[in-house]
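If you want the building blocks of each chain, they are given just below.
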Amino acid sequence: MAQNKQKKAGFATLVGRPNVGKSTLMNHLIGQKIAITSNKPQTTRNRIQTVYTGPKGQIVFLDTPGIHKAKNKLGNYMVKVAESTFSDVDVILWLVEPTTYIGAGERHILEQLKRSRLPVILVINKIDTVPKTAVLDAMETYRKEMDFAEIVPVSALRSNNTDTLLDCIFKYLPYGEPFYDEDTITDQPQRQIVAEMIREKALRCLEEEIPHGIAVAVERMEFKEHIVNIDATIICERDSHKGIIIGKQGSMLKRIGSQARRDIEDMLECQVNLQLWVKVKKDWRDSDFLLKNFGYNPADTRPDR
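Presented here is an overview of the structure given in this document. The model shown is predicted, which means the values in this text are computed figures rather than measured ones.

## A short note on the pattern of salt bridges
Oppositely charged side chains are able to pair whenever their charged atoms sit close together.
Phase 1: Scanning all chains against the criterion turns up 11 salt bridges.
Phase 2: Notably, a salt bridge pairs aspartate 128 with arginine 158, separated by 3.3 Å at the nearest N-O pair. With aspartate 128 in the loop between strand 5 (120–124) and helix 4 (132–143) and arginine 158 in the loop between strand 6 (150–153) and helix 5 (162–171), this residue pair connects regions lying 30 residues apart in the sequence.
Phase 3: What makes arginine 158 partly exposed here is its relative accessible area of 42%.

In structure tokens form, the structure reads like this:
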């Protein structure tokens, strides 16, 4: 295949301390063209990938568990996953807050970035929370620490200057064909993660009353500026199960929704409006069509004949 000389395609990774807004930034950079590939949310082995496709080409973002000073074996493992990403990308985005204080966590990240030999774009996030002079002071402070490829102040929450950031990322990507077909990139994988979170909370709340006979279908995920509206349906096999899931005056359904919403908000780093319904679809576990519709592929588990 001839190399594409008009558009670019490459990989970028986002690193930063917790709560600096990595997920928020990624959602706003990508908009509605989002694809997340991941194992179940409780696992940390695979890096989450999201894909931006625009007029200049395609950026595949790798989100990592984060770089920090590890205090135990799990921490060591997460750091190795994050640092191994550096060998797989073309450019690194380091998100920091608009402050002149560089703490021990940031200095540890700095050490890793200096050894990476990759272009590093410093992204100063949350500029909407401080005066402009504070942003300029933060830029000057970090500029003295490392020779950054670019320094870009943004507000991920308000999408301020995110177009400029995209332009900067493309500067450091090679020309070539996209890695993903634009037509196949949807938010379906993210919906599956959300559905799994809801299903997990339902099974925990219901304990052994309905062991495995439920599925969750996310009907709608609508991203607004400060909130994500999610409509989801819990599917069960029997009418008696429906009553148990709803509970007295809707108490069980409210409990499931409240617990699931907290986890989803932690993942998306924004407020979530979650609406849940319950439907009965008898013998859905024996229906290839329904299994696939609910995010399970029957072919993956069907034994060879």
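## Looking at the pairing of strand 4 (residues 91–96)
Phase 1: Extensive coverage of strand 4 is indicated by the burial of six of its six residues.
Phase 2: A two-sided burial pattern is seen for strand 4, the buried positions comprising Val91, Leu93 and Leu95 on one face and Ile92, Trp94 and Val96 on the other.
Phase 3: Direction of pairing for strand 1 (residues 8–16) relative to strand 4: parallel, over a ladder of five bridges. Opposite leucine 14, over in strand 4, you have leucine 93 as the bridge partner.
Phase 4: Strand direction decides the pairing type here: strand 4 and strand 5, joined by five bridges, are parallel. Within strand 5, the position partnered with leucine 95 by the bridge is valine 123.

## Some words on the side chain of asparagine 125
Phase 1: Position of asparagine 125 among the secondary structure elements: in the loop between strand 5 and helix 4.
Phase 2: Contact partners of asparagine 125, with chain neighbours within four places excluded, come to Val20, Gly21, Leu95, Val96, Glu97, Pro98, Val154, Ser155 and Ala156.

## Examining the sheet that holds strand 8 (residues 227–236)
Phase 1: Sheet architecture is open: three strands sit in the order 7-8-9, paired in mixed fashion. Of all strands in the sheet, those with a lone pairing partner are strand 7 (214–223) and strand 9 (271–280), marking the two edges. For this sheet, the mean angle separating the axes of adjacent strands, direction not counted, is 20°.
Phase 2: With 10 bridges joining them, strand 8 and strand 9 adopt parallel strand pairing. Counterpart to asparagine 229 in the pairing with strand 9 is asparagine 273.

## Topic: the environment of phenylalanine 148
Phase 1: The residue phenylalanine 148 is located in the loop between helix 4 and strand 6 in this model.
Phase 2: Sequence-distant contacts of phenylalanine 148, defined by excluding residues within four places in its chain, comprise Trp94, Leu110, Val120, Leu122 and Tyr142.

## Description of the packing of helix 7 (residues 239–246) against helix 8 (residues 251–268)
Two measures define how a pair of helices packs: the angle their axes make with one another and the distance between the axes.
Phase 1: Two elements in contact, helix 7 and helix 8, have axes whose closest approach is 5 Å; the angle formed by their N-to-C orientations is 65°. Residues Ile244, Ile245 and Ile246 of helix 7 lie in contact with helix 8, whose contacting residues are Ser251, Met252, Leu253 and Ile256.
Phase 2: Of the residues assigned to the contact of helix 7 with helix 8, the class counts are six nonpolar, one polar and no charged.

## As for the nonpolar core
Phase 1: Residues Ile198, Ile230, Ile234, Ile245 and Ile264 are the most contacted members of the largest nonpolar core, which totals 30 residues.
Phase 2: Elements represented by at least two residues in this core include exactly helix 6 (188–206), strand 7, strand 8, helix 8 and strand 9.
Phase 3: Counting residues per element, this core draws most heavily on helix 6, which supplies nine residues.
Phase 4: Apart from the residues lying within four places of it in its own chain, the contact partners of isoleucine 234 are Ile198, Ile214, Ala215, Val216, Ile245, Leu253, Ile256, Leu276, Trp277, Val278 and Lys279.
Phase 5: Of all hydrophobic cores here, the second largest spans 24 residues; its members include Leu93, Val152, Leu165 and Phe170.

Cut-offs used in this document
- Residues numbered from 1 in each chain as written.
- Predicted model: local features only at pLDDT ≥ 70, side-chain atom pairs only at ≥ 80, totals over all residues.
- Heavy atoms only, no water.
- Salt bridge = Lys/Arg side-chain N within 4 Å of Asp/Glu carboxyl O.
- Helix = DSSP H or I, 4+ residues; strand = E, 2+ residues; numbered from the N terminus.
- Buried < 20%, exposed > 50% of the residue type's maximum accessible area, 1.4 Å probe, protein only.
- Pairing = 2+ DSSP bridges.
- Contact = heavy atoms within 4.5 Å.
- Axes fitted to C-alpha atoms, helices over the stretch in contact; angles between N-to-C directions.
- Nonpolar A, V, L, I, M, F, W, Y, C, P; charged D, E, K, R; others polar.
- Core = buried A, V, L, I, M, F, W, Y, C linked by side-chain atoms within 4.5 Å.

In short, shape yes, function no, at least from these values alone.
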